[in-house]
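Next come the chains, spelled out residue by residue.
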There are 2 protein chains.
Amino acid sequence: MTSLHQRIFEDIEQKIMSGVWPPGQRIPAEHELEVTYGCSRMTVSKALSALAARGMIVRRRRAGSFVASPQMDRTVMDISDIGTEAKVAGHAYGHRILSRRIERLGTAEAAAIGEAAGAEVARVECLHIVDARPNALEKRLILLDAVPQARDETFEASPPGSWLLDQVPWSEAKHIIRAVSADAATAKLLTIERHAACLLLTRQTWQNGRTVTFVEITHPGDRYQFAGVFHPSK
Amino acid sequence: MTSLHQRIFEDIEQKIMSGVWPPGQRIPAEHELEVTYGCSRMTVSKALSALAARGMIVRRRRAGSFVASPQMDRTVMDISDIGTEAKVAGHAYGHRILSRRIERLGTAEAAAIGEAAGAEVARVECLHIVDARPNALEKRLILLDAVPQARDETFEASPPGSWLLDQVPWSEAKHIIRAVSADAATAKLLTIERHAACLLLTRQTWQNGRTVTFVEITHPGDRYQFAGVFHPSK
DNA sequence: CCTGTCTATTTGTATAGTCAAAATGCGGGA
DNA sequence: TCCCGCATTTTGACTATACAAATAGACAGG
């Protein structure tokens, strides 16, 4: 007994999530949807407004409604540099690909991310540098089944995260934040002391129930933090 | 040039946030608001639906609309025990008040939280215990100006966080998550090794622009994590 | 070609109703 | 007294309509 505006909402959501309507795609005008669903404009409008409120579409007068760009590979909270909080603008950002190769998932790792062993993946390690200091070490798996274009991508032009945004439409994601002690290799790359506390962000992204990418990002704990303001009305 | 339904939304939001309408308070029925604002029911309904969508009110047929209970002192993400993730139910929870005293804010601390030095605060330290193991150390400041009832509260019955939920209506909050190494005192209380990585959650809560409480919660990094699933449609 | 204007399209806001579903709390019956 | 059923209130869903605001794209003028 779902209501009509809810059905329209879910219908369009599904089209966006499955990639049938990619980011930037124009959504039929309210008038057209009113015909396809055989209802009044108010009902269509309610569904579209809800989608807009959730950030899945962007609406512009006269132009129409468009599928928004996904934010699947963005952290839930902002990552900020503890030392230079005020300095918002003027960050010099860069990245360095440490390694990149195509391989097949081992059984242990496959089980950990809930995919079949033997699946082909691109394994990428990338160091993120802000203002000449390393601020994150990224270890990523990209399932070639879901993103075949990743096979021949070097990620030199744009880091894997941003690159994926342009390839995969919409998805769901799970974030986990842990505190860990840096191992020797990580400490060296991030130029911090061994055993220093680090923030470890793990994110797994799915589309249609299948894993797209799995990434671990390690931040130096003494320099970076996750922050977010939440007035209940937002 | 704000629209009418938006004005109604903000008007009611303000009443809730400022505490004029405390949690559980019944909101005038749509029909009554339609009279007070001199508009149609649809317009009122739109505003109330938006408030309901944001979790600020709960609506029930025939009964009416009610101000929801605040979630101001809840973490944005769930805190879960890494070792026993499956075991959702059946946690034995307890807490122990380590210290509690009334004092005045020093200049350094006052500056850090953006309040005037010399303001009276209750300073509470509390250890949270889940399944016989300490899982969090809480260091909290409560501004007596905002919550005078805290002066004579022992927090033995319920920990400061839950206690505050019943005292302060609605508020805004800022969360910060850091990774830190445990100092000697913290390590001993949490029964972990010195310098072990810990998750440090800092939360500051305001009401009407004035700080209500400021809290630092330290979790053992090897046993606890923050996790959240985010399908963009939620 | 470039620039300013005009128009038609599309979303935003609002009204005024109808019918449906839920559930509270009352009154009547055992 | 207690319990059950029903009437009434209140929210939920939807229609049909109206006008306002923005602006993309066509068109005219320099």
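The structure contained in this document is the topic of the report that follows. Note that the structure is predicted; figures quoted are calculated from it, not measured. (Residues numbered from 1 in each chain as written. Chains lettered and ligands numbered in written order. Predicted model: local features only at pLDDT ≥ 70, side-chain atom pairs only at ≥ 80, totals over all residues. Heavy atoms only, no water.)

**A word on the packing of helix 1 (residues 4-17) of chain A against helix 3 (residues 41-53) of chain A**
All names here are of chain A. In contact at an axis separation of 8 Å, helix 1 and helix 3 are set at 50 degrees when each is read in the N-to-C sense. In terms of axis orientation, helix 1 runs oblique to helix 3. Here helix 1 and helix 3 pass one another in a crossing that is right-handed. Contact residues: Leu 4, His 5, Ile 8, Phe 9, Ile 12 and Glu 13 in helix 1; Thr 43, Val 44, Lys 46, Ala 47, Leu 48, Ala 50 and Leu 51 in helix 3. Class assignment for the residues of the contact of helix 1 with helix 3 results in nine nonpolar, two polar and two charged. (Axes fitted to C-alpha atoms, helices over the stretch in contact; angles between N-to-C directions. Helix = DSSP H or I, 4+ residues; strand = E, 2+ residues; numbered from the N terminus. Parallel < 35°, antiparallel > 145°, perpendicular 65-115°, else oblique. Left-handed = near helix turned anticlockwise from the far one by under 90°. Contact = heavy atoms within 4.5 Å. Nonpolar A, V, L, I, M, F, W, Y, C, P; charged D, E, K, R; others polar.)

**Details of the protein's contact with DNA strand C**
In the vicinity of DNA strand C there are 22 residues, among which Arg 41, Arg 59 and Arg 62 of chain A together with Leu 4 and Thr 43 of chain B approach most closely. Protein-proximal atoms of DNA strand C, defined as those within 4 Å of the protein, fall in sugar or phosphate at a share of 65%. At 2.7 Å from a sugar or linking oxygen of DNA strand C is found a side-chain nitrogen or oxygen belonging to Arg 61 of chain A. Ser 40 of chain B is positioned such that a nitrogen or oxygen atom in its side chain is 2.8 Å from a phosphate oxygen of DNA strand C. Breaking the surface near DNA strand C down by element, the ones donating at least two residues are helix 3, strand 2 (57-60) and strand 3 (64-67) of chain A together with helix 1 (4-17) and helix 3 (41-53) of chain B. The element best represented in the surface near DNA strand C is helix 3 of chain B, accounting for three residues. When its residues are assigned to classes, the surface near DNA strand C shows five nonpolar, six polar and 11 charged. (Near = heavy atom within 4 Å. Polar contact = N/O pair within 3.5 Å; in protein donor to acceptor, adjacent residues only side chain to side chain.)

**Considerations on the protein's contact with DNA strand D**
Neighbouring DNA strand D are 24 residues, the closest being Leu 4 and Thr 43 of chain A together with Arg 41, Arg 59 and Arg 62 of chain B. Among the atoms of DNA strand D close to the protein, meaning within 4 Å, 64% are from sugar or phosphate groups. Leu 4 of chain A is positioned with one of its backbone polar atoms (N or O) 2.6 Å from a phosphate oxygen of DNA strand D. A distance of 3.0 Å separates a phosphate oxygen of DNA strand D from a polar side-chain atom of His 5 of chain A. Contributions of two or more residues to the surface near DNA strand D are made by helix 1 and helix 3 of chain A together with helix 3, strand 2 (57-60) and strand 3 (64-67) of chain B. Tallying contributions element by element places helix 3 of chain A first for the surface near DNA strand D, with four residues. Taken together, the residues that form the surface near DNA strand D break down as six nonpolar, six polar and 12 charged.

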